[in-house]
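Here's the letter readout for the chains.
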Amino acid sequence: FIGSHVYDLFSEKYFESEITILDKMTYAADIRNIPQIITNNKHKLIVGDLTDMDICLKATKEMDLVINLAAESHVDNSFNNSIIFSKSNTLGTHTLMEACKRNKVDKIIHVSTDEVYGENIGDPFLEEDTLNPTNPYSASKAAAEMIVKSYFKSFDLPVIIVRSNNIYGIRQYPEKIIPKFIINCIKKEPLEIHGDGSNSRHYLSVIDFANALDLLAKNGKKGEIYNISSDLELTNIAVSKLIKSYFDYEIDVINIDNRPFNDKRYSINDKKLRDLGWFPSFNLEDDLPEIINWYKLNISLFN
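J.: When you look at the sheet that holds strand β6 (residues 166-168) in this model, what are you seeing that I'm missing?
T.: Adjacent strands of a sheet form backbone hydrogen bonds with each other and so pair up, either parallel or antiparallel. Taken together, the three strands give an open sheet; going across it, the order is β6-β8-β10, and neighbouring strands pair in mixed fashion. Strands at the two margins of the open sheet, each flanked by one partner only, are β6 and β10 (233-235). Each neighbouring strand pair of the sheet contributes to a mean axis angle of 45°, computed without reference to strand direction. In terms of strand pairing, strand β8 (residues 200-205) meets β10 through three bridges, oriented antiparallel. Bridge assignment links Ser-200 to a residue of β10, and that residue is Thr-235.

J.: Which parts of the structure should I look at to understand the layout of surface pockets?
T.: Looking at the second largest pocket, its volume works out to about 280 Å³. Around the second largest pocket, the lining is made up of 17 residues, and of these His-5, Ile-170, Ser-205, Val-206 and Ile-207 lie nearest the centre. Among the secondary structure elements, those contributing two or more residues to the lining of the second largest pocket are α1 (2-13), α8 (206-219) and α11 (284-298). Here the lining of the second largest pocket is built from residues that sort into eight nonpolar, four polar and five charged.

J.: Is there a simple way to think about the packing of α1 against α8 in this case?
T.: Two measures define how a pair of helices packs: the angle their axes make with one another and the distance between the axes. Packing of α1 against α8 leaves a shortest axis separation of 9 Å and a crossing angle of 55°. Taken together, the axes of α1 and α8 are oblique relative to one another. Of the two elements, α1 crosses α8, and the hand of that crossing is right-handed. Mapping the contact onto sequence places Ile-2, His-5, Val-6, Leu-9, Phe-10 and Lys-13 in α1 and Val-206, Phe-209, Ala-210, Asn-211, Leu-213, Asp-214 and Lys-218 in α8. Taken together, the residues that form the contact of α1 with α8 break down as eight nonpolar, two polar and three charged.

J.: Just to check I follow, could you spell out the packing of aromatic side chains for this structure?
T.: Where two aromatic rings form a pair, the distance of their centres and the angle of their planes describe that pair. For the coordinates displayed, the defined rule picks out 10 aromatic pairs. Plain terms: the ring middles of Phe-85 and Tyr-137 are 6.4 Å apart, the flat faces sit at 80° to each other, and that makes the pair edge-to-face. In this pair, Phe-85 is assigned in helix α5 (residues 82-103) and Tyr-137 in helix α6 (residues 136-155), connecting sequence segments 52 residues apart. For Phe-85, a relative accessible area of 1% puts it in the buried group. On the basis of an interplanar angle of 15° and a centroid distance of 5.0 Å, the ring pair of Tyr-117 and Phe-125 is categorised as stacked. Comparing Tyr-117 with Phe-125 shows no difference in burial state: the two are buried. The ring centre of Phe-155 lies 4.7 Å from the NZ or CZ of Lys-101, which sits over that ring. Seen from the ring of Tyr-226, Lys-272 lies directly overhead, with NZ or CZ sitting 5.1 Å from the centre.

J.: Just checking my understanding: could you explain the sheet that holds strand β9 (residues 225-228) for this structure?
T.: Taken together, four strands build an open sheet; the order of strands is β3-β4-β5-β9 and the sheet is parallel. Strand pairing shows two members of the sheet lacking a second neighbour, β3 (65-68) and β9, which therefore form its edges. The mean angle between the axes of side-by-side strands here comes to 20°, regardless of whether they run parallel or antiparallel. Relative to strand β5 (residues 159-164), strand β4 (residues 107-111) is paired through four bridges, and the arrangement is parallel. Following the sheet pairing, Val-111 is matched in β5 by Val-162. Where α5 meets the sheet, its contacts fall on β3, β4 and β5, and the angle it forms with β3 comes to roughly 175°.

J.: What is the right way to read the packing of helix α7 (residues 177-186) against helix α9 (residues 236-244) from this model?
T.: Between α7 and α9, the shortest axis-to-axis distance is 10 Å and the interhelical angle comes to 40°. In terms of axis orientation, α7 runs oblique to α9. Crossing geometry of α7 relative to α9 is assigned as right-handed. For the pair formed by α7 and α9, the contact residues are Ile-177, Ile-178, Phe-181, Ile-182 and Cys-185 on the first element and Asn-236, Val-239, Ser-240, Ile-243 and Lys-244 on the second.

J.: Explanation requested: the pattern of salt bridges in the structure shown.
T.: Scanning all chains against the criterion turns up 16 salt bridges. One salt bridge connects Arg-32 with Asp-30, and the closest N-O pair in it is separated by 2.8 Å. The exposure class assigned to Arg-32 is exposed, which follows from its relative accessible area of 53%. Across the pair Lys-101 and Glu-98 runs a salt bridge whose closest N-O atoms are separated by 3.5 Å. Of the two residues, Lys-101 and Glu-98 are both situated in helix α5; the distance of three residues between them amounts to about one turn of the helix. With a relative accessible area of 26%, Lys-101 lands in the partly exposed category. When salt bridges with common partners are traced through the structure, they connect Lys-13, Asp-214 and Lys-218 into a single cluster.

Cut-offs used in this document
- Here the residue numbering is sequential within each chain, running from 1 through the sequence in written order.
- Totals for whole chains, interfaces and linings use all residues, but because this is a predicted model, local features are given only for residues with pLDDT of at least 70 and pairs of side-chain atoms are given and counted only at 80 or more.
- Side-chain measures here rest on the full set of heavy atoms in the structure, leaving out hydrogens and waters.
- When DSSP locates at least two bridges between a pair of strands, those strands are taken to pair.
- Only DSSP runs of H or I reaching four residues or more are called helices, and only runs of E reaching two or more are called strands; each is numbered from the N terminus.
- Axes, fitted as lines to C-alpha atoms, cover a helix only where it is in contact. Angles between the N-to-C directions of the axes lie from 0 to 180 degrees.
- A cavity, in this analysis, means grid points on a 1 Å lattice covering only the protein atoms where a 1.4 Å probe fits yet has no way out; a pocket is instead an open set bounded by protein on both sides within 12 Å along at least five of seven lines, and a residue lines either one if it has an atom within 4 Å of a point.
- Grid points are joined across faces, edges and corners, and a volume is the space filled by probe spheres set on the points.
- Under the scheme applied, nonpolar residues are Ala, Val, Leu, Ile, Met, Phe, Trp, Tyr, Cys and Pro; charged residues are Asp, Glu, Lys and Arg; polar residues are all the others, including Gly.
- Comment on the angle field: the value is read as roughly parallel under 35 degrees, roughly antiparallel over 145, roughly perpendicular from 65 to 115, and oblique elsewhere.
- Working rule for handedness: look at the near helix, and if it is turned counterclockwise from the far one by less than a right angle, call the crossing left-handed; if clockwise, right-handed.
- Should any heavy atoms of two residues lie within 4.5 Å, those residues are counted as being in contact.
- In this scheme Phe, Tyr and Trp rings, the latter by its six-membered ring, pair at centre separations within 6.5 Å, and the angle between planes marks the pair as stacked below 30 degrees, edge-to-face above 60, and tilted otherwise.
- When a residue's accessible area, from a 1.4 Å probe over protein chains only, is under 20% of the maximum for its type it is buried; when over 50% it is exposed; and in between it is partly exposed.
- Placement of a charge over a ring requires the Lys NZ or Arg CZ to be within 6 Å of the ring centre, with the centre-to-atom vector within 35 degrees of the ring normal.
- Here, a salt bridge means any side-chain nitrogen of Lys or Arg that lies within 4 Å of a carboxyl oxygen of Asp or Glu.

The following block contains the structure:
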């Protein structure tokens, strides 16, 4: 989902560049998200596992820029099968960093998450704040960051780390709250909300996120960490009401048992990135009609 939008932006802006995508093509991936890779002879897809050193060496050979977007990212799944998160997110990142070191890649952007900071009920977290992950997913991402930082310190690997909010947009696999609720509304099925629905998140457009990566690829400083945040914060119950408002029939909302631990809120300060000239241009409340229409037209992709 996110990688396909980053690919859209970079392939359009840098149309003369060679681009390689490495993806395991698991359940949440779909070749139909990147149809142009089939017709562009400068672009190629390598299907493989990030924990495979030979695959990573092949994918990063003679590359000027590597962006690590690969991750198991659905928090609910991490409570049930956490080992795969450590393999993909931590060992996979370690393997990729080693391959980048051996191949002397010029610049690397490692995509982390705001969840590594843990729950926030006070001032927004700054990049230098202590990491305090509270679930297996965020713990595996924090561990990956430790490895990335060690490669910068030990080997001067030219790495930038980004930590972003929840990301939304078309093509997102319907396990995350926004596409899941949209598809349930289309099917006239109930919306299930953990606990009382008061947990809140900031929602960042995938297009704004891709533009941030583009800016950092050009102007980001190696060894630095950059938060990427939107200005829109919504509770889960507010998200359900917002999505429901675009349908002219009644949809039930059901409160189900909460996660084993569910962070009340995440909030990050991204002044460091905004000082470089980035600002969010999109807003979930404005973008929802287009996103809902996309899922209506493409719901067969998820059946």
